[in-house]
Amino acid sequence: MQIDPGDSLSMKQAVVHPTSFIPFEPSPTFIGRALELKAMAAALIPAQAALVLVGPSGIGKTSLVTAFITHYSYSFPGGIVWINCANSNSIELQLAGSAQELSIDRTGLDGDQLIEQVIKVWQLPIPRLLIFDNCADPRLLAQWQPLIGGCRVLVTSRSDQWSTLSTLQLAMLVPNESRELLQQACPRLSAVEATTLAAHLGHFPLTLHVAASYLQVISSHNVQRYQHGLSLLKQQESVVASQPLDCCIASVRLTINQLDSLALGMLDYVAWCAHGVPLPRAFVLTFIAAETPVDTAVATLQRLLDVGLLSGTNAIIIHQVVGEIVHAQVGDQANAFHVVDQWQTQLNALDGSAYFAAMRWAAPHLQQLASRMQGWGDRAVAICANQLAAYADDLNWDSLAEHWYRQAIQAEERSLGVLHEQLATSFNNLAESCIRQGKTLAAIDYAQRAYQINCQLFGEIHETTMFHSLRVGQMLSTHGSYHSAQAWYRQTLAILAQLDPAEHISTILEANLALIGLLQSDGQTEDAHHIYQQAMHMLHPFPITKDMDAYWDQFQALQATHPNQTDQRMDS
């Protein structure tokens, strides 16, 4: 790999391979760290090299990584993959999602097989950079780090427990870098003012960024007034944190206090999502009420970006420190429900590649919301869980779908009660994910519970009840419980006899063929013939066509078995 740590950093431009997935944009206020960048380049020269950037939240680990990509992405022709490890349960979904950038054909692959294919690509000799962001546990990295091939691994972590890997501890900025950062973000500051303020704030990058952004936007406040405001805030409020975060927390709170209600609401909406994980800009704008003019929404978002509480251009990010402070200071639960409803509205309007691309962004936020709202927001938890389960279904990832359908059912039982149509749907979906995994007994139990709920809600003679009755019969047949399956098929046919046959031709054919097949296999040919005659009487006014591919061959075979029925119309 052609990494030259001696390169002139200012001359390099980002040339990122198209197979890369980098959710973060380079920081416009990134200053200094030249020695760290060159140390990173040197450490990542060997194949399978790994380096851990260690430092507290807000020290600038993510900004340093994006700067490294800007200067050295040319060294990774295999691309760059960014994996957020803050929620360990989201990693597998992220890996499965990366198959799209790697042009892996998903056809016929379940989620586990898809990840296997991703890992195989990682094991190729081509140089590739894997970024495990916010990884706290070395065991988590060991689970996914490829041991062969051309991958280099870069980790960011607040933990220093990495005894087996090389680490680079990030320190505070040096005074001249702090001054330069402040003056870049707020050009009206003199060198003396910037130096004084940096010393007061402790040279902590996030604090400097927030303070400079505040002073740039609120031009009527000078450095002395800003420092006085921080002092008053510390006296009025109990700041539970040790240096260097105490000044950072106070700076963020001081800025929050300057926001109007619209900006504060938008900030709280964003803070309910996963911290440090990008949100599409267009989606953030939907948080504002529909009656708010678009220009007002755009201006509100821009103000939050200008004052340094959010970052990004097309991908909007709230820093973990900022997000936690917003939760402590605002944390309106009604806003959390609104965010979940917006996710549901946006995702339900998409399909195909657009849906998969959107879920790549949405999944970590839905997981975070489901976790945060446990116990008090079960309606929203169920929505998040069902969205994640449906996504897993689309990825043919039955074990993951099963997990999320179980989460949805628990939340629905708490929020909707034990008799609700949505709960029946979730039980049916859970049954389907189990049957695909060969867990037939569990699937039968869940399918029967779905039937029982619908039967109590709609009565026995209803098309929804009929569907679930048929599905129980099919699952029993799959399990080999043929006599029990016959009873459910007969029940299904009894319900169908009370419904309009014109609306259920395929189902009538399906249920009859299934029952007749079981009866014939059991030697009950006379009973099978009787069921066939009943079916023909019910279907007599309607054509049976080749469009019904699933039943055509079986139907023709039955006609040969029962040649005395000649009045059925056949359209070929």
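Definitions and limits used
Residues numbered from 1 in each chain as written. Predicted model: local features only at pLDDT ≥ 70, side-chain atom pairs only at ≥ 80, totals over all residues. Heavy atoms only, no water. Pairing = 2+ DSSP bridges. Helix = DSSP H or I, 4+ residues; strand = E, 2+ residues; numbered from the N terminus. Axes fitted to C-alpha atoms, helices over the stretch in contact; angles between N-to-C directions. Contact = heavy atoms within 4.5 Å. 1 Å grid on protein atoms, 1.4 Å probe; cavity = no way out; pocket = protein on both sides within 12 Å on 5 of 7 lines; lining within 4 Å. Points joined across faces, edges and corners; volume = space filled by probe spheres on them. Parallel < 35°, antiparallel > 145°, perpendicular 65-115°, else oblique. Left-handed = near helix turned anticlockwise from the far one by under 90°. Nonpolar A, V, L, I, M, F, W, Y, C, P; charged D, E, K, R; others polar. Salt bridge = Lys/Arg side-chain N within 4 Å of Asp/Glu carboxyl O. Buried < 20%, exposed > 50% of the residue type's maximum accessible area, 1.4 Å probe, protein only. Phe/Tyr/Trp six-rings, centres within 6.5 Å; stacked < 30°, edge-to-face > 60°. Right-handed = clockwise from strand over helix to strand, strands pointing away. Core = buried A, V, L, I, M, F, W, Y, C linked by side-chain atoms within 4.5 Å.

Q: Explanation requested: the sheet that holds strand S5 (residues 166-169) in the structure shown.
A: Picture the strands of a sheet paired through backbone hydrogen bonds; they go either parallel or antiparallel. Read from one edge to the other, the open sheet built from five strands follows the order S2-S3-S4-S1-S5, with strand pairing classed as parallel. Taken across any chain shown, the strands that pair with only one partner, and hence form the sheet edges, are strand S2 (80-84) and S5. The sheet shows a mean angle of 20° between the axes of neighbouring strands, taken without regard to direction. With five bridges connecting them, S2 and strand S3 (residues 128-133) associate as parallel partners. By the bridge assignment for S3, Ile-80 is matched with Leu-129. In the packing of helix H4 (residues 111-122) onto the sheet, the strands contacted are S2, S3 and strand S4 (151-157), and the crossing angle to S3 comes to about 125°.

Q: Just to check I follow, could you spell out empty space enclosed by the protein for this structure?
A: Taking a probe equal in size to a water molecule and rolling it over the atoms shows the remaining empty space. Under the defined criterion, the tally for this structure stands at two cavities of 30 Å³ or more. Considering only enclosed or pocket space, the largest cavity measures out at about 50 Å³ in volume. Lining the largest cavity, in full, are Ala-96, Gly-97, Ala-99, Gln-100, Arg-106, Phe-356, Arg-360, Tyr-391 and Leu-395. Secondary structure elements with two or more residues in the lining of the largest cavity: helix H3 (91-97) and helix H16 (352-372).

Q: Just to check I follow, could you spell out the packing of helix H17 (residues 378-394) against helix H18 (residues 398-416) for this structure?
A: For any two helices packed against each other, one specifies the crossing angle of their axes together with the interaxial distance. Two elements in contact, H17 and H18, have axes whose closest approach is 8 Å; the angle formed by their N-to-C orientations is 160°. Put simply, H17 runs roughly antiparallel to H18. The element H17 and its partner H18 pack so that their crossing is left-handed. Mapping the contact onto sequence places Asp-378, Arg-379, Val-381, Ala-382, Ala-385, Asn-386, Leu-388, Ala-389, Ala-390, Ala-392 and Asp-393 in H17 and Asp-398, Leu-400, Ala-401, Trp-404, Tyr-405, Gln-407, Ala-408, Ala-411, Glu-412, Arg-414 and Ser-415 in H18. Of the residues in the contact of H17 with H18, the class split is 13 nonpolar, three polar and six charged.

Q: Teacher, can you tell me more about the layout of surface pockets here?
A: What the second largest pocket holds in volume is close to 280 Å³. Taken together, 16 residues line the second largest pocket, and the ones lying closest to its centre are Gln-344, Ala-382, Ile-383, Asn-386 and Gln-387. Of all elements in the fold, only helix H15 (333-348), H17 and H18 reach the threshold of two or more residues within the lining of the second largest pocket. In terms of residue count, the dominant contributor to the lining of the second largest pocket is H17 (seven residues). Its residues placed into classes, the lining of the second largest pocket shows six nonpolar, seven polar and three charged.

Q: Looking at this structure, I do not really get the pattern of salt bridges. What am I missing?
A: Where charged atoms from two side chains of opposite charge approach closely, those side chains can pair. Under the counting rule described, the total for this entry stands at 11 salt bridges. Linking Asp-393 and Arg-436 is a salt bridge whose minimum nitrogen-to-oxygen distance equals 2.8 Å. Here Arg-436 lies in helix H19 (residues 421-436) and Asp-393 lies in helix H17, a separation of 43 residues in the sequence. Owing to a relative accessible area of 21%, Asp-393 belongs among the partly exposed residues under this scheme.

Q: I'm lost on the packing of H16 against H17 in this one. Help?
A: Contact geometry of H16 with H17 gives a least axis separation of 9 Å together with a crossing angle of 140°. Considered as vectors, H16 and H17 are oriented oblique to each other. The element H16 and its partner H17 pack so that their crossing is left-handed. Contacts between H16 and H17 pair Tyr-355, Phe-356, Met-359, Arg-360, Ala-363, Leu-366, Gln-367, Leu-369 and Ala-370 from the former with Val-381, Cys-384, Gln-387, Leu-388, Ala-390, Tyr-391 and Asp-394 from the latter. Of the residues in the contact of H16 with H17, the class split is 12 nonpolar, two polar and two charged.

Q: Before we go on, may I ask you to explain the packing of aromatic side chains in this structure?
A: When we look at a pair of aromatic rings, we describe it by the centre distance and by the angle of the planes. Evaluated as defined, the whole model comprises 15 aromatic pairs. Between Phe-68 and Tyr-72, the aromatic rings sit 5.0 Å apart at their centres with planes inclined by 40°, giving tilted as the arrangement. On the criterion of helical spacing, the pair formed by Phe-68 and Tyr-72 is a turn pair, its members being four residues apart in helix H2 (residues 61-72). Note on Phe-68: relative accessible area 0%, which makes it buried. Judged by its relative accessible area of 0%, Tyr-72 is buried. The rings of Phe-68, Tyr-72, Tyr-74 and Phe-76 are connected pair by pair, giving a single aromatic cluster.

Q: What exactly am I supposed to notice about the pairing of S3 here?
A: Regular strands show a simple pattern: their side chains alternate between the two faces of the sheet. Across the six residues that make up S3, a large majority, six, are buried. Because side chains alternate across S3, one face comprises the buried residues Arg-128, Leu-130 and Phe-132, and the other comprises Leu-129, Ile-131 and Asp-133, equally buried. Where S3 lies against S4, five bridges are found, and the strand directions are parallel. Residue pairing across strands places Arg-128 opposite Cys-151, the latter belonging to S4. Crossover connection from S3 via helix H5 (residues 138-144) to parallel S4: handedness right-handed.

Q: Any chance you could explain the side chain of Thr-465 here in plain terms?
A: Positionally, Thr-465 belongs in helix H21 (residues 463-479). A relative accessible area of 0% places Thr-465 in the buried class. Other than its neighbours up to four places away in sequence, Thr-465 contacts Tyr-451, Asn-454, Cys-455, Phe-458, Gly-459, Glu-460 and Ile-495.

Q: Could you clarify how one ought to interpret the nonpolar core in this entry?
A: When a protein is soluble and globular, its nonpolar side chains tend to lie buried together. Core analysis: the biggest nonpolar cluster contains 165 residues, and Phe-68, Trp-122, Phe-132, Leu-154 and Trp-343 have the highest contact counts within it. Sort the elements by how many residues they give to this core and H17 lands first, with 10 residues. Residues in contact with Phe-68, not counting those within four places in the same chain, are Leu-37, Met-40, Ala-41, Leu-44, Ser-73, Phe-76, Leu-129 and Leu-154. Counting residues in hydrophobic clusters, the runner-up holds 23 residues, among them Tyr-214, Leu-233, Ala-250 and Leu-254.

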